[in-house]
Amino acid sequence: MIKAIFWNIRGVRYKKAIYRLKNLISINNTQFVAIFEPFVIKDKIEGYRKFLGYQSCIANDNGKIWCLWNHNYQSDVLVIENQQITIKLNNNSNNYGIFVTSVYAKCTILERSDLWYSLKGMCHSIDGPWCIEGDFNVITDSEEKLGGKTHRIYKSLKFINCMDNCGVTDLGFSGSKFTWCNNRRPRKRVWKRLDMGRTEANKVHAEYVSWLSLQESLLKQKSQSKWFEEGDANTNYFHSILREKRRRLQLHKIKNRKEKWIQGEEKIAREAVKYFEVIFNLPKPAFNNSILDCIPHCIQEEENDKLTGMPTEEEIKVAIFSLSADSRVWYSIIINGSRADFFTSSQGLKQGDPLSPSLFIIAAEVLTRSLNMFNSN
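Report on the accompanying structure.

1. Describing the nonpolar core
Thinking step 1. Counting 20 residues, the largest nonpolar core has W116, L119, W130, F136, F159, M163 and C166 as the members making the most contacts within it.
Thinking step 2. Going through the elements one at a time, β7 (97–104), α3 (109–122), β8 (130–135) and α4 (157–166) are the ones with two or more residues in this core.
Thinking step 3. Formed by 18 residues, the second largest nonpolar core is a distinct cluster that contains V12, V33, Y48 and Y54.

The following block contains the structure:
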C-alpha cells in the first residue's frame with residue numbers, strides 16, 4: 001500500500017498552505033504527493049521538492065500538475081499531458097507496483113474530452129493496481145451539487161463512460177461532502193464535489209465493457225445507420241449511469257447499536273448479520289385471541305377436534321420425508337456485491353410458502369369484519 005496526498009493547493013507560495021502540506025506529509029509518512037494549481041512556474045518544483053523532503057519530482061508542460069515521491073519507489077513516467085500525469089511506482093523493498101494517475105481536468109466539456117479519450121486508451125496497457133485521483137472538474141449526478149441550476153446528466157455521460165471503460169470505482173470519502181465552492185453570496189453560492197479518487201475495481205469487467213464498445217462500433221459501421229442520434233446505442237450510456245449509481249450506493253461505514261461508526265466491508269457485514277439475526281429471531285409476541293371473535297363459527301366441534309388434534313406417526317413421517325434438503329429458511333446479506341454469512345430465522349414464512357395466501361385471507365377477513373363492526377357501533 002502507498003500513502004499519497006492529492007491536493008488542489010491553489011498556490012504553493014502561501015506559507016500557511018505549504019507548511020500545512022509539509023506537516024501532513026510528516027504525520028502520515030506520505031510517499032507520494034500530487035499538487036494541483038501551484039501557481040508558480042514549473043522550474044520552481046525542485047526547490048519545493050527539497051523543502052518537502054522528496055527525492056524525485058515531475059511537472060507537466062503547463063505546470064498545473066506537480067508530482068513528488070520518495071526514494072522507496074522506482075518510477076516509470078508513462079504519460080505526461082496537460083490534464084494528467086501517469087506514473088508506475090515500484091516499491092524497491094517488495095517489488096510491489098502501482099499505477100498512479102494524477103488528474104487536473106479542464107473546465108469545459110470539449111476540453112475534457114481529450115482527457116477521457118486518453119484514459120480510455122491507457123486502460124489496456126495497465127497491468128496492475130490503478131488509482132486515478134485529482135480534480136475532475138465534473139460531477140456524476142445532482143447529489144454531488146448544492147445550489148445553482150439543476151445538474152444536467154448529459155454533462156456527465158462522457159466521464160461516467162470513461163470511468164466504466166477503465167473499470168474503476170469511487171473510493172468514497174470522509175469529511176465534507178463537497179470539495180469546491182464559488183464563494184459567492186448565500187443565494188448565489190454553489191457547492192460541488194469535483195475532487196475524488198477512483199481505483200481499479202475489476203480488470204475483467206473493464207475488458208468486457210471495452211469489448212462491448214468495440215462490438216457496438218462494428219455494428220454501427222455494418223448497418224451504416226445513425227444509432228446514436230436515433231437513440232438505440234444510448235443504452236450503453238444508460239447502463240453506465242446505472243452502474244455508477246450502484247457504485248455510489250456502496251456502504252463505506254455504518255453505525256452500530258452503540259452509535260459507533262463501523263468501517264471495512266468485513267466488519268460492516270458482521271454488524272449487519274448480527275442486526276438482522278436479532279430481528280429475525282425475536283421472542284414470540286403475546287397474541288390476543290379475542291381479535292378473532294368477529295369471525296363466525298362455521299366449523300363444527302368434531303371438525304375442529306380433527307384439525308387441532310395430534311398427528312399420527314405415519315403423518316409425521318410422510319411430512320418429514322416430503323421436505324426438500326433446502327426447506328429450512330436461511331438468509332444472507334449482500335454488502336457491496338459480496339455475500340455475507342448465512343443465518344436462520346425462528347419466525348416468519350419463506351417466500352412462496354403455500355401457507356402465505358391462507359394467512360393473508362384470514363388477516364383480510366379479520367380486518368374487514370373488524371371495520372364493519374366498528375362502523376356499526
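2. Some details on the pattern of salt bridges
Where charged atoms of side chains with opposite charge meet at close range, the side chains can pair.
Thinking step 1. This model, assessed by the stated rule, comprises 7 salt bridges.
Thinking step 2. Note that R49 is salt-bridged to E46, the shortest N-O span being 2.9 Å. Placement of the pair is R49 and E46 together in helix α2 (residues 45–52), with a separation of 3 residues, close to one helical turn.
Thinking step 3. Given the relative accessible area of 13%, R49 is considered buried.
Thinking step 4. By relative accessible area, E46 is classed as partly exposed at 39%.
Thinking step 5. Ionic pairing is found between D170 and R193, a salt bridge with its closest N-O pair at 2.9 Å. Remark: R193 occurs in the loop between β12 (191–192) and β13 (195–200) and D170 occurs in strand β10 (residues 168–170); sequence separation between them is 23 residues.

3. A few points about unusual backbone geometry
Thinking step 1. Phi at E37 is positive, roughly 55 degrees, even though this residue is not glycine.
Thinking step 2. Within the element layout of this structure, E37 appears in the loop between β2 (32–36) and α2.
Thinking step 3. Of note, N183 is a non-glycine position whose phi angle comes to about 60 degrees, a positive value.
Thinking step 4. Tracing the chain through its elements places N183 in the loop between β11 (180–181) and β12.
Thinking step 5. Assessed through its relative accessible area of 65%, N183 is described here as exposed.

Criteria and thresholds
Residues numbered from 1 in each chain as written. Predicted model: local features only at pLDDT ≥ 70, side-chain atom pairs only at ≥ 80, totals over all residues. Heavy atoms only, no water. Core = buried A, V, L, I, M, F, W, Y, C linked by side-chain atoms within 4.5 Å. Buried < 20%, exposed > 50% of the residue type's maximum accessible area, 1.4 Å probe, protein only. Helix = DSSP H or I, 4+ residues; strand = E, 2+ residues; numbered from the N terminus. Salt bridge = Lys/Arg side-chain N within 4 Å of Asp/Glu carboxyl O.

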